[in-house]
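Chain residues, written in single-letter form:
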Amino acid sequence: MVTNNKNYKRITTNSLLEFKNNGEKISMLTAYDYTLAKIIDNAGIDIILVGDSASNVMAGHETTLPITLDEMIYHASSVVRAVDRALVVVDMPFGTYQGNSKKALDSAIRIMKETGGHTVKLEGGSEIIDSVKRILSAGIPVMGHLGLTPQSIYKFGTYTVRAKEEEEANKLIEDAKLLEEAGCYAIVLEKIPSKLAKKVAEILNIPVIGIGAGPDVDGQVLVLHDMLGMNHEFNPRFLRRYLNLYDEITKGVKQYISDVKKVDFPNQDEQY
Ligand code: KIV
């Protein structure tokens, strides 16, 4: 049975589990600012991820590593002020949770207190499980993230598909089970073979949300600026562009420049 998601006044981690159990797919997009968060929340998106992809998309860094906890808190609090319905998930940035569960808990508490976000997301499996457990012990819901984990880009060396080989696929399955057993409420799987993602979604009771992980998972996530076509450079196979805002915005700005130069703007009706 497919539920009508308009029945959900506010999406919670429990609603996501109901979606999975009812066979309704979960929709998730990133946002980093008030204005776009308001639009996608009003459009009915289920989850808004304040992703550390803000490091690339907002700040122009090459990787997600440089973004700081203070910067993530700024983005997340802007998003939270806009949102009435969606579950707001905040990425914990690189260096705030790895190898030190006390620091992880302190970072997660800052995110929850200073942003009003609803949950945090961490990248990794067995390596970060102590941090995951400690954050969960404080009553903070945790979303996991396995497969291509961009904070480990210098370990991987490339942004290519992960877990194609049996050994890495088996570790991913074990990590997914570990995260579920620890108490995570959902997991993101990024850029892995569809067959493997399907298997993980079947094994786990919690929702599995894919990006470049095929259709047989419980939901999909994309970076908002990518799916709106706000850049031309990023062209992975998994990306579907729903608009071409780069060209639309360029067109509008060029028209504005021309109108200003010609003194066509402002006209009689556009002045006091
Ligand atoms: O930071 C991000 O945008 C993400 C998504 C790609 C899942 O983690």
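Engineer: I'd like a rundown of the domain arrangement of the chain, residues and numbers included.
Structural biologist: Taken domain by domain, the chain comprises domain 1 (13-241) and domain 2 (244-272). Taking only C-alpha atoms, the centre of domain 1 and the centre of domain 2 are 38 Å apart. Contact residues are listed per partner, giving five residues for domain 1 and five residues for domain 2. Summed over both sides, the interface between domain 1 and domain 2 buries roughly 420 Å², with carbon and sulfur atoms accounting for 62% of that surface. On the domain 1 side of the interface with domain 2, the three residues burying the most area are Leu228, Met230 and His232, jointly 77% of the side's total. Taken together, domain 1 and domain 2 are joined by four residue pairs in polar contact (both at pLDDT 80 or more). Split by residue class, the side of domain 1 that touches domain 2 holds two nonpolar, three polar and no charged.

Engineer: Any details on the site of the ligand? Residues and values, ideally.
Structural biologist: As a matter of local geometry, the ligand sits amid Thr30, Leu49, Gly51, Asp52, Ser53, Asp91, Lys121, His145, Glu190, Ile211 and Val223. Side-chain polar atom of Ser53 to an oxygen atom of the ligand: 2.5 Å apart, as the coordinates give it. Here an oxygen atom of the ligand sits 2.9 Å away from a polar atom, N or O, in the side chain of Lys121. Notes on the ligand: free accessible area 260 Å², of which the protein chains cover 95%. Here the shell around the ligand is composed, by residue class, of three nonpolar, four polar and four charged.

Engineer: Tell me about the sheet that holds strand β3 (residues 87-91), residues and numbers included.
Structural biologist: The strand order around the closed barrel formed by eight strands is β1-β2-β3-β4-β5-β6-β7-β8, and the pairing between neighbours is parallel. The average angle at which neighbouring strand axes cross in this sheet is 25°, direction not considered. Relative to strand β5 (residues 142-147), strand β4 (residues 119-121) is paired through two bridges, and the arrangement is parallel. Note that in β5 the partner of Lys121 across the bridge is Met143.

Engineer: Please provide a residue-by-residue account of the packing of aromatic side chains, values included.
Structural biologist: Enumeration according to the criterion identifies two aromatic pairs in this entry. Arranged with centres 6.5 Å apart and planes meeting at 70°, the rings of Phe234 and Phe238 form a pair that is edge-to-face. When its relative accessible area of 24% is taken as the criterion, Phe238 is described as partly exposed. Across the ring face of Phe156, the terminal group of Arg162 is positioned such that the distance to the ring centre comes to 3.9 Å.

Engineer: Before we move on, can you summarise helix α5 (residues 101-115) with the specific residues and values?
Structural biologist: Its 15 residues place the ends of α5 21 Å apart at the C-alpha level, agreeing with the 21 Å of an ideal helix rising 1.5 Å per residue. Those residues of α5 that fall on the buried side of the exposure criterion are Ser101, Ala104, Leu105, Ser107, Ala108, Ile111 and Thr115. Each buried residue of α5 sits inside an arc of 165° when the element is viewed along its axis, so together they form one side. Buried positions along α5 lie against α4 (69-82), β3, β4 and α6 (129-137). Backbone nitrogen of Lys102 and a side-chain oxygen of the N-cap are separated by 3.2 Å at the start of α5; the cap is Asn100.

Engineer: I'd like a description of the side chain of Ser131, backed by residues and values.
Structural biologist: Take Ser131: it is sitting in helix α6. A relative accessible area of 3% places Ser131 in the buried class. With near-sequence residues (within four places) excluded, Ser131 lies in contact with Tyr97, Asn100, Ser101, Ala104 and Leu122.

Engineer: Can you break down unusual backbone geometry residue by residue, with the values?
Structural biologist: Residue Pro266 follows Phe265 across a cis peptide bond; omega there is -5°. Within the secondary structure, Pro266 is located in the segment after α11 (245-261). For Lys191, which is not glycine, the phi dihedral falls at a positive 50°. Topologically, Lys191 is positioned in the loop between β6 (186-190) and α9 (194-203). With a phi close to 55°, Val263 is a non-glycine residue in the positive phi region. Overall, Val263 belongs to the exposed group, its relative accessible area being 65%.

Analysis parameters
- Residues numbered from 1 in each chain as written.
- Predicted model: local features only at pLDDT ≥ 70, side-chain atom pairs only at ≥ 80, totals over all residues.
- Heavy atoms only, no water.
- Domains from an automatic or database assignment.
- Contact = heavy atoms within 4.5 Å.
- Buried area = accessible area lost by both parts, 1.4 Å probe.
- Polar contact = N/O pair within 3.5 Å; in protein donor to acceptor, adjacent residues only side chain to side chain.
- Nonpolar A, V, L, I, M, F, W, Y, C, P; charged D, E, K, R; others polar.
- Near = heavy atom within 4 Å.
- Areas by Shrake-Rupley, 256 points an atom, 1.4 Å probe, with all protein chains shown as cover.
- Pairing = 2+ DSSP bridges.
- Helix = DSSP H or I, 4+ residues; strand = E, 2+ residues; numbered from the N terminus.
- Axes fitted to C-alpha atoms, helices over the stretch in contact; angles between N-to-C directions.
- Phe/Tyr/Trp six-rings, centres within 6.5 Å; stacked < 30°, edge-to-face > 60°.
- Buried < 20%, exposed > 50% of the residue type's maximum accessible area, 1.4 Å probe, protein only.
- Lys NZ or Arg CZ within 6 Å of the ring centre and 35° of its normal.
- Expected span 1.5 Å × (residues − 1).
- Arc of directions from axis to C-beta.

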